[in-house]
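Coordinates in review
Read off the chains here:
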Amino acid sequence: AQSVSQHNHHVILSEAASLELGCNYSYGGTVNLFWYVQYPGQHLQLLLKYFSGDPLVKGIKGFEAEFIKSKFSFNLRKPSVQWSDTAEYFCAVGTNTDKLTFGTGTRLQVFP
Amino acid sequence: DTGVSQNPRHKITKRGQNVTFRCDPISEHNRLYWYRQTLGQGPEFLTYFQNEAQLEKSRLLSDRFSAERPKGSFSTLEIQRTEQGDSAMYLCASSLDYVVAGPSPHEQFFGPGTRLTVL
């Protein structure tokens, strides 16, 4: 069975700081990787996804993530965060049935 | 709004009562998923449907839980004899699948969830 680890449970940054959120997964087969975001009071939304091809994927709002197969990692990055990025971020792994396995989430707080 | 909708948004019930939640997926999506999310955790998979067929159920889905998607459109999740441990956010998501949209995996679109509180 697959599992996902998000090491940073709570991250506090000032605006314009750079962000990197860690995500590691365990699964022996081909995986599809996702980052979802949940803004306060809103439902889960897809930030970006990796299925195949270029391991560096770009998502909405300036976010990007890099798939490193040898490290079983899919870390999320943003060079300069904004107050509006305050949200909870979930890494997820999908397999051939598209069933998703989520990490426990990282709560990001950005202060002006 | 053409997104995934869920009703009710909040449900408070007493232990031992039965509850039913409804999910209306995006109209052209033939896959429908149910997840449960508790405080401080990510969503956990419960079950999914392809059209009206329930293809997989998690071990989290005890005998008290049942899900249906009778006509391949909306779905219901029923919990019988609720327990306090059932208190959680129940999320529904929908997506296309390879039969409709090709072999690549497809994004799941989530609804706002139904928050269940069992007293």
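In this report, the structure presented in the accompanying data block is examined.

Rules used throughout
- Positions within a chain are numbered from 1, following the residues in the order the chain's sequence is written.
- Here the convention is simple: chains get letters from A, ligands get numbers from 1, in the order in which they are written.
- Selection of residues for local features in this predicted model requires a pLDDT of at least 70, selection of side-chain atom pairs for listing and counting requires 80 or more, and totals for whole chains, interfaces and linings are taken over all residues.
- The side-chain values count all of the structure's non-hydrogen atoms but skip hydrogen atoms and water molecules.
- In this analysis, the protein atoms alone were mapped onto a 1 Å grid. Cavities are point sets where a 1.4 Å probe fits without being able to get out; pockets are open sets with protein on both sides within 12 Å along at least five of seven lines; lining residues have an atom within 4 Å of a point.
- Grid points are joined across faces, edges and corners, and a volume is the space filled by probe spheres set on the points.
- Secondary structure elements follow DSSP: runs of H or I no shorter than four residues count as helices, runs of E no shorter than two count as strands, and numbering proceeds from the N terminus.
- When residue character is reported, Ala, Val, Leu, Ile, Met, Phe, Trp, Tyr, Cys and Pro are called nonpolar, Asp, Glu, Lys and Arg charged, and the others, Gly included, polar.
- Aromatic pairing here means that ring centres of Phe, Tyr or Trp (its six-membered ring) are within 6.5 Å. Orientation follows from the plane angle: under 30 degrees is stacked, over 60 is edge-to-face, and everything else is tilted.
- Burial classes follow relative accessibility: with a 1.4 Å probe on protein chains only, a residue under 20% of its type's maximum area counts as buried, one over 50% as exposed, and anything between as partly exposed.
- We count a charge as sitting over a ring when the NZ of a lysine or the CZ of an arginine lies within 6 Å of the ring centre and within 35 degrees of the ring normal.

**Remarks on the layout of surface pockets**
- One number sums up the size of the largest pocket: a volume of about 620 Å³.
- Every residue lining the largest pocket is counted, 25 residues in all, and those nearest its centre are Gln38(A), Gly41(A), Glu88(A), Gln37(B) and Arg115(B).
- Elements with a contribution of two residues or more to the lining of the largest pocket: β10 (87-94) and β12 (106-111) of chain A together with β9 (88-95) of chain B.
- Counting only elements with at least two residues in the lining of the second largest pocket, the list comes to β11 (100-102) of chain A together with β5 (44-50) and β6 (53-57) of chain B.
- Looking at the lining of the second largest pocket, the element that brings in the most residues is β11(A), giving three residues.
- Among the residues making up the lining of the second largest pocket, the classes are represented as six nonpolar, seven polar and five charged.

**Observations regarding the packing of aromatic side chains**
- Inspection of the entire model under this criterion finds 17 aromatic pairs over all chains.
- Where Phe90(A) meets Phe102(A), the ring centres are 6.3 Å apart and the plane angle is 85°; that geometry is what we call edge-to-face. Within this pair, whereas Phe90(A) is found in strand β10, its partner Phe102(A) is found in strand β11, the two being separated by twelve residues in sequence. Of the two residues examined, Phe90(A) and Phe102(A), each falls in the buried class.
- Summarising the aromatic geometry, the rings of Tyr35(B) and Phe45(B) are spaced 6.0 Å apart at their centres and angled 75° between planes, so their arrangement reads as edge-to-face. With a gap of ten residues between them, Tyr35(B) in strand β4 (residues 31-37) and Phe45(B) in strand β5 connect regions that are remote in the sequence.
- Residue placement shows Arg22(B) over the ring face of Phe74(B); its charged tip is 3.9 Å from the ring centre.

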